[in-house]
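Tertiary structure, described
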Amino acid sequence: MRSRQKKVVLIGDFSVGKTSLIRRYVENSFSDTYLSTIGVKISKKSITIDDETILLLIWDIEGALDKIKRVNKTYIKGASAAIIVTDVTSTEIESTLQKHLDDLHSVNGAIPSMIAFNKIDKDESFIIDIDDILQKNSNIVGTFKTSAKSGKNVEKMFELLVKEIIEC
Amino acid sequence: MSAEYLKLKSLLLQEEIDKIDTLARDIKSLEDRQEKDVLVERLSQIITDILSKSLQANHQKLYATLQPLISKGVVDELHKSHDELNKILFPIITTAIHEQVHKQKESIVDALYPIMGNMISKYVSSAFTDMMHEINSKLQSSLSFSRVTRKIKSKLYGISEAQLLMQETDFVDIETIFLIHKESGLLIVDLHKEDSNQMLEVEMVASMLSAIRSFVNDWISQDHEMSEIREIEYSNSSISIESAGSCYLAVVTSSHADMKDKLSKVLARVVSKHSQELTDFDGDTQSIDMYSIKNILSTLFDKKDTTKEKFPILSFLVLIMLLMLPLGWYGYNSYQDYQAEQKEKKVVEILKANKIQVFDLDVHTTKENKILLDGVVMFDDDREKIDIVLRGYDQINRVRSIDENFYYNLKITKMKKVIAETNIKYNSNIEYKLSRNKIIFSGTIFDTKAKKDFVSQVENIFDDKKLLYKIETLPLLDKRIYFDLRSSDVLEKYYALLDDISLSLKNNKNYRVEIVGYTDLSGSKSYNKKLSRKRVVNTQNQLLLRGVDKEMLILKAKATPPKDLINVKSEEEQSLARCVIINWESISEK
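Residue indices begin from 1 for each chain and proceed along its sequence in written order. Chains carry letters and ligands carry numbers; both start at the beginning, A for chains and 1 for ligands, and go up in the order they are written. The predicted origin of the model limits local features to residues at a pLDDT of at least 70 and limits the giving and counting of side-chain atom pairs to 80 or more, whereas totals for whole chains, interfaces and linings rest on all residues. In computing side-chain values, all of the structure's heavy atoms are included and hydrogens and water are not.

**A look at the sheet that holds strand β1 (residues 2–12) of chain A**
Two strands are said to pair when DSSP picks up at least two bridges between them. Each helix is a run of DSSP H or I of at least 4 residues and each strand a run of E of at least 2, with the numbering of both proceeding from the N terminus. The seven strands lie next to each other as β2-β3-β4-β1-β5-β6-β7 (chain A), forming an open sheet whose pairing is mixed. Two strands bound the open sheet, and with one partner strand each, they are β2 (28–29) and β7 (140–145) of chain A. In the sheet, β1 of chain A pairs with strand β4 (residues 52–61) of chain A via nine bridges, with the strands oriented parallel. Each bridged residue has a counterpart across the sheet, and for R2 of chain A the counterpart in β4 of chain A is E52 of chain A. Between two residues, a contact is recorded if the distance between any of their heavy atoms is within 4.5 Å. As a rule, the C-alpha atoms of each element are fitted with a line to give its axis, helices using only the stretch in contact, and angles between N-to-C directions run from 0 to 180 degrees. Docked against the sheet, helix α6 (residues 154–167) of chain A engages β1, β3 (40–49), β4, β5 (81–87), β6 (113–118) and β7 of chain A, running at close to 115° with respect to β4 of chain A. Contacts from helix α7 (residues 202–220) of chain B reach β1, β2, β3 and β4 of chain A within the one sheet, and its direction differs from that of β3 of chain A by about 145°.

**Digging into the pairing of strand β15 (residues 579–584) of chain B**
All names here are of chain B. Here β15 lies mainly inside the structure; five of its six residues are buried. For strand β12 (residues 479–482) and β15, the ladder comprises four bridges, and the chain directions are antiparallel. Its bridge partner lying in β15, R480 is registered against I581. Taken together, the five bridges between strand β13 (residues 513–517) and β15 define a ladder with antiparallel strand orientation. If you follow V513 over to β15, its bridge partner there is W584. Partly exposed residues are those whose accessible area sits between 20% and 50% of the maximum for their type, while under 20% is buried and over 50% is exposed, using a 1.4 Å probe and protein chains only.

**Notes on the pattern of salt bridges**
Take a side-chain nitrogen of Lys or Arg and a carboxyl oxygen of Asp or Glu: if they are within 4 Å of each other, that pair is a salt bridge. Taken as a whole and assessed by the stated rule, the structure comprises 15 salt bridges over all chains. Between D13 of chain A and K99 of chain A there is a salt bridge whose closest N-O contact spans 3.5 Å. Of the two residues, D13 of chain A sits in the loop between β1 and α1 (18–25) while K99 of chain A sits in helix α4 (residues 93–108), which places them 86 residues apart along the sequence. The same class applies to D13 of chain A and to K99 of chain A, which are both buried. Close ionic contact of E242 of chain B with R230 of chain B constitutes a salt bridge, the shortest N to O distance being 3.4 Å. Here the residue E242 of chain B occupies a position in strand β4 (residues 237–244), and R230 of chain B occupies one in the loop between α7 and β3 (231–234), the gap between them amounting to 12 residues. Classification of R230 of chain B by relative accessible area gives partly exposed; the value is 39%.

Have a look at this one:
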């Protein structure tokens, strides 16, 4: 059976729930302490689709506390896909989304990207219009309202991302 | 009176007087002791006060005064009651040290550091020296090509062999090798030491290492200068990192050592050979030549730097091979001989085991590695049986039955008879030699006609043997020496010819030579007869002078010209008749 490794990065502001989302999904990961030491945590998930195993190496990149400061771009390098995580309770979703998309683009070009509107359990009626962003960024392959707490859409989102990676 | 009184007193009361005196002395002593105690008590108070005051007022001076006394006292006491003192002091000292360490750890460490440091340093240095001595002694007791090279190097550079050995020896024990894609952190190849525990989650480790590497490189990097983390140390292990092109090597070792050169060489080989594949790596290991990359990387596990050693090892092997070649050839031949010998023994054993009795048995191996058997058996059946029992062997059966042998011997007898008759008939000296599969004839015979006659007779006898003829024929002689009219003197011009003739005669002493004298037709028959004899005798004398055996020479004198000149009339032809002819004794005339 063919086997491939793929790097996926999760980026987003501090405390949007990236680490919790990953914890919901992966089978093995390094300690969370790495996040606070070097600003990244590596997790692993293997998925078999059509006689092919994709080993996802998920880089959970620490969000900057300081909103001006951006993530360490070298961590993003070489990623095959990305998930940009936002917090539905945040008031600055659009601007932060665009900031992270720009970061991604500047380092990796137009890699398949997914947007996770996380913590949907806190605001079930969350609605947002990001048409402008979607129009500007054709590499966005899907948006999901997710909840690390309930696990809603988490697996679905990753599965779709893997399919995109394979098709790429 | 007084004297008398004293005398009386002495006589009557001496005993009592003595007792009273003793009693008085005892009382006095008691009084003195009481006074002393009182005095001690009083004085001790005063001394304590003095000491206390003096201690306050002049501590140094008092210490200086008392120190020798105290020291001596302590030493004396230590000698006298060492064990008791130990019992008393040990718990006090232990508790004091414990408390001191607890309270003032840092200052104690500072105080002990130089002493402990020196002690450890001295110990390590001593251990290292011992190790070097041991290595040196081992070196001296071993002999190898590398040792000779090392010895020369040692003399040249003035470094001990042990030090060179330490430099040569790779003490680094590599546990794991990772080849990682620089940009993505994806694992390209991982190799693990055979006996090491397989590291789990290697892909995650590779990613994490990449993250750490990126973090450190970014953190240290200033003014966009390229910088690279080289080593991560932890406890007794370390991770050495070497980067080139689009990938980097991370090597986990169980010791700290500078592996930069080794890693960079190996990585350079990988990158130069697989540059494009590595650059394009997207996590699919099938897109790269894993086997080749692993092969190159696995050289890192070798204890020695193969890139350095390849040439000397190769040349050493070539040298050894060259030296071993004659030995090998000799060994190969000896082995072949041994094998042949074993096979021959086995054949003899088989014949014995099958109760086949072969007289004059001869077993040997031919150049074609076939077993050749020769000898005589009783019956033809035995001969056939040999073929059956030795069917597993590539053999040539030349064993004859007694019947066959009878005929064989008969043939030999016939041959002997032919040789004897030929030797008589042609005055030849033919001999024969029976070889294993051929008969060799040698000797000299008169001429080719005689030889042909002999050969045809022999070949009529043998039809299954190879016959080899080394028979020579006599050289042509038929020489003539001419004389002047009415002269029997041998002219000087024939001396050279006589030399040649005598040489031929000496080389074929088995044959006789005729010297026949001739005359022309002039003169009387009796005169010619005498003249002819004189010519023959003079010729004979010339040959005898040249060492020819007289027994070989047959003298004949004729008063006529030779047969080929009998009818000639001219003067010139007549002169040719005045001669002697020297030739081998004619077989027909014999």
